[in-house]
Amino acid sequence: MHRYRDTVRHFYLTGYPNSRRSTVGSFLANLPELLGAMAGDPRTILAVVEFKDRRYWQCWADRDESIVIEVVSNRHISVDATRLSDADEDLLRGVGFAEPSDGPNPNWRFEAAGIADLRVLVSMTCLAVKEVLKESPQNSVDVRTWEFKRPTGSLVTWVRKPLAPPEQRKVQREASRKVRCNKDVWPGAPL
């Protein structure tokens, strides 16, 4: 069986304190490759994409190919940034993002079991960035990627709550598959 991980040889990391400036359009157009490379890397990799108003999208991929994406919640939005509306939160909830909670999961998040959910992750990110955070393709973003050194054992067990039961993840994936970025409105949008 050919694994995606076998095709990944080089993955550039900026390092935690460093970032690279890009645009929202470029970030979304390259998102499938970013997520695929992260999932295929044998290390635990984190990526944070920060928008001009300091709101953010972030992702981590674990050695076992599990991938988590998160969208900032109102718990982390500064006074200067636009807070998420009830409609924004309903949209995130409706496509399968888990609600923020106390403890290790303070953001809107979706946990995928691996590279098989890549299309879902890209679709959900596209919706979150374009429809919820209301970012335009030409807006600038700062992107940071780095390796997370952690003790032996699953990241799931000590940083975040465990994945939802398989039947719940299936329902979340089915809802998320309906999410698309309209290429007529946003040329170059993924999916």
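Above this text sits the structure in question.
Residues numbered from 1 in each chain as written. Predicted model: local features only at pLDDT ≥ 70, side-chain atom pairs only at ≥ 80, totals over all residues. Heavy atoms only, no water.

**A few points about the packing of aromatic side chains**
Here the distance between the centres and the angle between the planes together describe a pair of aromatic rings.
Alright, step 1. For the coordinates displayed, the defined rule picks out 2 aromatic pairs.
Alright, step 2. An angle of 85 degrees between the planes, with centres 4.8 Å apart, marks the rings of Tyr16 and Trp146 as edge-to-face. With Tyr16 in the segment before β1 (20-23) and Trp146 in strand β6 (residues 140-147), the pair connects residues that are 130 residues apart, well separated along the chain.
Alright, step 3. Residue Trp146 is classed as buried on the basis of its relative accessible area of 13%.
Alright, step 4. When the ring centre of Tyr16 is taken as origin, the NZ or CZ atom of Arg144, which lies over that ring, is 4.8 Å away. (Phe/Tyr/Trp six-rings, centres within 6.5 Å; stacked < 30°, edge-to-face > 60°. Helix = DSSP H or I, 4+ residues; strand = E, 2+ residues; numbered from the N terminus. Buried < 20%, exposed > 50% of the residue type's maximum accessible area, 1.4 Å probe, protein only. Lys NZ or Arg CZ within 6 Å of the ring centre and 35° of its normal.)

**Notes on the nonpolar core**
Alright, step 1. Grouped together as the largest cluster of nonpolar side chains are 46 residues, with contacts concentrated most on Phe27, Leu35, Trp57 and Phe97.
Alright, step 2. Secondary-structure elements contributing two or more residues to this core are α1 (24-40), β2 (45-51), β3 (56-61), β4 (67-71), β5 (108-112), α3 (118-132) and β6.
Alright, step 3. For this core, the element with the highest residue contribution is α3, accounting for 9 residues.
Alright, step 4. Once residues lying within four places of it in the same chain are set aside, the contact partners of Phe27 are Ser22, Leu34, Val49, Trp57, Thr125, Val129 and Val141. (Core = buried A, V, L, I, M, F, W, Y, C linked by side-chain atoms within 4.5 Å. Contact = heavy atoms within 4.5 Å.)

**Details of the environment of Gly40**
Alright, step 1. Mapping Gly40 onto the fold places it in helix α1.
Alright, step 2. In this structure, the C-alpha to C-alpha distance between Gly40 and Asp62, residues 22 residues apart in sequence, is 9.1 Å.

**Comments concerning the pairing of β5**
Alright, step 1. Here β5 lies mainly inside the structure; 5 of its 5 residues are buried.
Alright, step 2. The alternating pattern of β5 places Trp108, Phe110 and Ala112 on one face and Arg109 and Glu111 on the opposite face, and all of these are buried.
Alright, step 3. As paired strands, β4 and β5 are joined by 5 bridges and run antiparallel to one another. Across the sheet, residue Ile67 finds its bridge partner in β5, namely Ala112. (Pairing = 2+ DSSP bridges.)

**Notes on the sheet that holds β6**
Alright, step 1. One open sheet accounts for 6 strands, arranged β1-β6-β2-β3-β4-β5; its pairing is antiparallel. Of all strands in the sheet, those with a lone pairing partner are β1 and β5, marking the two edges. Direction aside, the axes of adjacent strands within the sheet are offset by 20 degrees on average.
Alright, step 2. The sheet contact formed by β1 and β6 spans 4 bridges and is antiparallel. What sits directly across from Arg21, in β6, is Asp142.
Alright, step 3. Here α1 sits on the sheet and contacts β1, β2, β3, β4 and β6; the angle it forms with β3, its principal contact strand, is near 20 degrees. (Axes fitted to C-alpha atoms, helices over the stretch in contact; angles between N-to-C directions.)

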